[in-house]
Amino acid sequence: MFENVLSVMIFLPILAGLALLLFPVGKSGSRLTGFIVSVIIFMFGIELFLDFTGNGGMEYAVNRPWIDSLGISYSLGIDGISLLVLLACSLLFPLIFAVYSGKTKGYYANLLIAQGAMLGAICATDIVLFYIFWEIMLLPIFFMIGLWGGEKRLAATLKITIYTIAGSLLMLAALVYVGVSYHSQFGAWSFNIADLRNLDLSGGFAVTAFIMFMIAFAIKIPLFPFHTWLPDAYTEAPTSTTFVLSAIMAKIGVYAVIRFVIPVFEIEFARFALLLSLAGVVGMMYCGLAAITQKDFKRLLAFSSASHMGIIALGVFCMNIQALTGSLFQIVAHATSTGILFVFAGLIEERMQTRNIADLGGIAYRAPIFATFFAIAMLASVGLPGTSGFIGEFLIILGAVKFNAFIGFLAGTALIIGVCYMLWMFQRLFFEKSNTKTEGFKDLSLLETVTFLPVILLILFMGIYPQPFLQKIEPAAELHVAGFTTMTVTETVAETVVPAQEHDTHHKN
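Calculation notes
- Residues numbered from 1 in each chain as written.
- Predicted model: local features only at pLDDT ≥ 70, side-chain atom pairs only at ≥ 80, totals over all residues.
- Heavy atoms only, no water.
- Helix = DSSP H or I, 4+ residues; strand = E, 2+ residues; numbered from the N terminus.
- Rg over C-alpha atoms; globule rule 2.2 N^0.38 Å.
- Buried < 20%, exposed > 50% of the residue type's maximum accessible area, 1.4 Å probe, protein only.
- Contact = heavy atoms within 4.5 Å.
- Areas by Shrake-Rupley, 256 points an atom, 1.4 Å probe, with all protein chains shown as cover.
- Expected span 1.5 Å × (residues − 1).
- Bend = angle between axes of the 7 residues up to and from the residue.
- Salt bridge = Lys/Arg side-chain N within 4 Å of Asp/Glu carboxyl O.
- 1 Å grid on protein atoms, 1.4 Å probe; cavity = no way out; pocket = protein on both sides within 12 Å on 5 of 7 lines; lining within 4 Å.
- Points joined across faces, edges and corners; volume = space filled by probe spheres on them.
- Nonpolar A, V, L, I, M, F, W, Y, C, P; charged D, E, K, R; others polar.
- Axes fitted to C-alpha atoms, helices over the stretch in contact; angles between N-to-C directions.
- Parallel < 35°, antiparallel > 145°, perpendicular 65-115°, else oblique.
- Left-handed = near helix turned anticlockwise from the far one by under 90°.
- Polar contact = N/O pair within 3.5 Å; in protein donor to acceptor, adjacent residues only side chain to side chain.
- UniProt positions renumbered as here; feature names shortened; annotations may be inferred.
- Pairing = 2+ DSSP bridges.
- Core = buried A, V, L, I, M, F, W, Y, C linked by side-chain atoms within 4.5 Å.
- pLDDT = per-residue confidence, 0-100.

## Points about the overall build of the protein
Here's step 1: Each helix and strand in the protein was counted, giving 20 helices and two strands.
Here's step 2: Relative to the globule expectation of 23 Å for 509 residues, the C-alpha radius of gyration of the protein, 23 Å, shows essentially globular dimensions.
Here's step 3: The C-alpha extent of the protein, read off along each of the three principal axes, is 90 × 55 × 45 Å.
Here's step 4: Evaluated residue by residue, the protein yields a buried proportion of 59% over its 509 residues.
Here's step 5: Relative to all contacts within the protein whose residues are 6 or more apart in sequence, the contacts with residues 24 or more apart total 82%.
Here's step 6: Split by element, the accessible area of the protein, about 19300 Å² in all, is 68% carbon and sulfur.

## Things to note about helix 11 (residues 239–264)
Here's step 1: For helix 11, which comprises 26 residues, the first-to-last C-alpha distance of 37 Å matches the rise-based estimate of 38 Å (1.5 Å per residue) to within 8%.
Here's step 2: Along helix 11, the sharpest kink reaches roughly 35 degrees, centred on Leu245.
Here's step 3: Extensive coverage of helix 11 is indicated by the burial of 26 of its 26 residues.

## Overview of the pattern of salt bridges
Think of it this way: side chains of opposite charge can pair up when their charged atoms draw near.
Here's step 1: Applying the stated criterion across every chain yields a total of seven salt bridges.
Here's step 2: Measuring nitrogen to oxygen at the nearest pair gives 2.5 Å for the salt bridge that ties Asp79 to Arg259. One end of the pair, Asp79, is in the loop between strand 2 (72–78) and helix 3 (80–91); the other, Arg259, is in helix 11, with 180 residues separating them in the sequence. Here Asp79 matches Arg259 in class, with each residue buried.
Here's step 3: Here Arg355 and Asp296 are joined by a salt bridge, their closest N and O atoms 2.8 Å apart.

## Here we look at the layout of surface pockets
Here's step 1: Here the largest pocket is characterised by a volume of approximately 540 Å³.
Here's step 2: For the largest pocket, the lining is made up of 25 residues, of which Phe42, Leu91, Pro94, Thr451 and Pro454 are closest to its centre.
Here's step 3: The set of elements that each furnish at least two residues to the lining of the largest pocket consists of helix 2 (27–51), helix 3, helix 4 (93–99) and helix 19 (446–464).
Here's step 4: No other element matches the nine residues that helix 2 contributes to the lining of the largest pocket.
Here's step 5: Its residues placed into classes, the lining of the largest pocket shows 21 nonpolar, three polar and one charged.

## Brief notes about unusual backbone geometry
Here's step 1: Geometrically, the link from Ile221 to Pro222 is a cis peptide bond, its omega value of -10 degrees lying close to zero.
Here's step 2: Along the chain, the position of Pro222 falls in the loop between helix 9 (204–220) and helix 10 (230–236).
Here's step 3: Residue Phe224 is joined to Pro225 through a cis peptide bond whose omega torsion reads 5 degrees.
Here's step 4: Note on placement: Pro225 falls in the loop between helix 9 and helix 10.
Here's step 5: At Met319, a position not held by glycine, the phi torsion is positive, near 50 degrees.
Here's step 6: Mapped onto the elements of the fold, Met319 is located in the loop between helix 13 (297–318) and helix 14 (321–352).
Here's step 7: The phi angle at Gln353 is positive, at roughly 55 degrees, despite the residue not being glycine.
Here's step 8: Checked against the element boundaries, Gln353 lands in the loop between helix 14 and helix 15 (363–366).

## Digging into the packing of helix 13 against helix 18 (residues 405–430)
Here's step 1: At their nearest, the axes of helix 13 and helix 18 sit 11 Å apart, and the two run at 160 degrees to each other. It follows from the interaxial angle that helix 13 and helix 18 lie roughly antiparallel. Between helix 13 and helix 18 lies a crossing of left-handed hand. Contacts between helix 13 and helix 18 pair Phe297, Leu300, Leu301, Ser304, Ser307, His308, Ile311 and Leu314 from the former with Ile407, Ala411, Leu415, Tyr421, Met422, Trp424, Met425 and Leu429 from the latter.

## Description of the side chain of Thr387
Here's step 1: As for its position among the elements, Thr387 is in the loop between helix 16 (368–381) and helix 17 (388–403).
Here's step 2: With a relative accessible area of 5%, Thr387 lands in the buried category.
Here's step 3: Polar contacts involving the side chain of Thr387 include one to the main-chain carbonyl oxygen of Leu384, which spans 2.5 Å.

## Considerations on the UniProt feature "domain: NADH:quinone oxidoreductase/Mrp antiporter transmembrane" (unreviewed entry) in the protein
Here's step 1: Per the UniProt record, the feature "domain: NADH:quinone oxidoreductase/Mrp antiporter transmembrane" (unreviewed entry) sits at residues 124–413.
Here's step 2: End C-alpha atoms of residues 124–413 are separated by 37 Å, and the span's content is 81% helix alongside 0% strand.

## A short note on the pairing of strand 1 (residues 59–67)
Here's step 1: Judged from the six bridges that link them, strand 1 and strand 2 form a sheet pairing that is antiparallel. Across the sheet, residue Pro65 finds its bridge partner in strand 2, namely Ser73.
Here's step 2: Hairpin connection, strand 1 to strand 2: the antiparallel pair is bridged by four residues, and Gly71 has positive phi, about 70 degrees.

## Considerations on the nonpolar core
Here is a general trend for soluble globular proteins: nonpolar side chains tend to be buried in one another's company.
Here's step 1: If you look at the biggest cluster of nonpolar residues, it comprises 192 residues, and the most contacted ones within it are Met118, Phe130, Phe213, Ile252, Phe370 and Phe452.
Here's step 2: If you tally residues by element for this core, the top one is helix 11, at 17 residues.
Here's step 3: If near-sequence neighbours (up to four positions away) are discounted, Phe452 is found in contact with Leu95, Val99, Ile340, Val343, Phe344, Leu347, Phe373 and Leu444.

## Thoughts on the confidence of the model for the protein
Here's step 1: The predicted model of the protein averages 87 in pLDDT, with 94% of residues at 70 or higher.
Here's step 2: Per-element averaging of pLDDT across the protein places helix 20 (residues 467–508) at the bottom with 66 and helix 1 (residues 5–22) at the top with 95.
Here's step 3: A low-confidence stretch, residues 505–509 stays under pLDDT 50, and its non-local contacts, those more than four residues away or across chains, total zero contacts.

## Re the pairing of strand 2
Here's step 1: Within strand 2, seven of the seven residues are buried, which leaves the element mostly enclosed by the surrounding structure.
Here's step 2: What you see with strand 2 is no split at all: Ile72, Tyr74, Leu76 and Ile78 on one side and Ser73, Ser75 and Gly77 on the other are buried throughout.

## Topic: the packing of helix 13 against helix 14
Here's step 1: At a closest axis distance of 9 Å, the pairing of helix 13 and helix 14 adopts a crossing angle of 175 degrees. The pairing of helix 13 with helix 14 is recorded here as roughly antiparallel in orientation. Each of Phe297, Lys298, Leu301, Ala302, Ser305, His308, Met309, Ile311, Ile312, Gly315, Val316 and Cys318 in helix 13 lies in contact with helix 14, whose residues at this interface are Ala323, Leu324, Ser327, Gln330, Ile331, His334, Thr338, Leu341, Phe342, Ala345, Ile348 and Glu349.
Here's step 2: Residue classes in the contact of helix 13 with helix 14 are distributed as 15 nonpolar, seven polar and two charged.

Structure (structure tokens):
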């Protein structure tokens with residue numbers, strides 16, 4: 001694999017998207033261009049995954065000075081923390097271009113720009129560079145919801161805009177604080193995470209900056225109670241946009257916590273770990289219960305996605321190897337299962353012109369291939385053994401029990417709630433009596449079957465033989481947890497020793 005493969009993966013889709021906007025290309029040409037570019041990125045992603053050695057450090061690293069006077073660099077790299085997020089972002093986009101036809105060239109252009117920006121955010125190891133890609137990837141989402149969304153798209157766009165701008169401003173302020181702190185401690189500017197992890201931050205400003213970062217990323221995950229933009233945005237967005245939001249963009253929020261927050265704010269993270277874990281579990285339960293009450297199956301999947309993001313976040317907050325490895329594995333497991341469920345939901349809506357669960361039924365009798373694929377993705381989503389969802393959720397629950405038994409118990413209970421509403425939805429959609437609407441439901445075409453089959457096989461392969469994925473992420477997870485534990489213990493010892501010395505001094509006096 002050549003040296004600048006990450007740069008090519010980032011800028012090829014961005015430049016292709018901009019070219020589609022600038023030049024007179026028809027809808028079919030735009031879709032074909034998007035498909036070809038996404039397949040190229042897909043092939044790069046597969047080769048990068050296969051060649052990845054998994055030694056725990058950064059691979060395919062690129063570091064070029066950009067704004068030297070401020071220590072900002074064009075710095076990229078991939079390790080076990082980011083590998084599976086990048087893999088999910090590379091694998092799933094060809095599916096969107098293959099399945100969804102009839103969109104305008106502007107829509108396909110925005111999809112390409114979003115993919116490039118998300119890959120940039122995943123690969124960036126300079127926090128300013130990450131922030132820039134983070135902001136760029138949000139713009140296409142606004143346009144896709146606002147221009148091509150449902151009837152209530154303007155309200156949904158306004159809500160996600162307010163949330164996102166608030167989060168971005170908080171992140172920017174915290175980022176400036178981190179940079180200034182590094183300059184005051186080391187006499188030079190740097191925003192590279194390899195340097196920032198050497199910072200010694202404490203006091204009220206450090207806590208405030210930590211909270212700012214966490215709110216910014218909690219909005220994107222979304223983590224309870226910052227999830228309220230999600231149901232409207234997921235429901236009103238075009239299905240392929242919902243797919244991008246759920247399958248990939250939400251995962252970047254979790255990834256950013258692991259990559260940038262934990263190494264810089266170890267002590268604050270340890271102090272708030274229990275509270276954050278509770279937020280993850282409460283979010284799982286609240287969104288799970290909200291999903292049960294939904295009559296719109298796309299909205300039900302939206303709450304289901306938010307609930308499952310809670311357990312991924314919980315794995316990060318527990319900060320032990322089992323839970324962190326489970327979260328990293330679950331990122332790609334959830335991206336493939338829930339992502340493809342949203343695509344199937346879009347196909348049902350497109351063919352039946354309704355999202356109301358009560359209007360549907362008996363689809364399995366009319367479309368057995370579609371029902372089988374839907375069932376496999378749904379069972380992976382609820383964590384059935386033999387599917388990808390089981391491995392990640394099992395590791396997270398294991399780590400959660402190790403972290404706090406009560407938290408682990410609540411997380412396990414929330415997962416059972418998820419099984420209930422997903423099976424209930426599947427029963428209503430696929431096995432109750434057909435009606436006039438579902439009588440004519442067409443099964444997947446040969447092209448659609450061939451398009452979905454690799455993702456379905458991946459779901460099963462990851463569930464039956466997860467070792468090739470785990471062995472690439474475990475060394476990085478172990479290094480990450482070891483660094484966090486060492487730093488936390490060191491600080492704890494320091495806090496214990498200093499008061500003891502002060503006590504001895506007073507005693508001698």
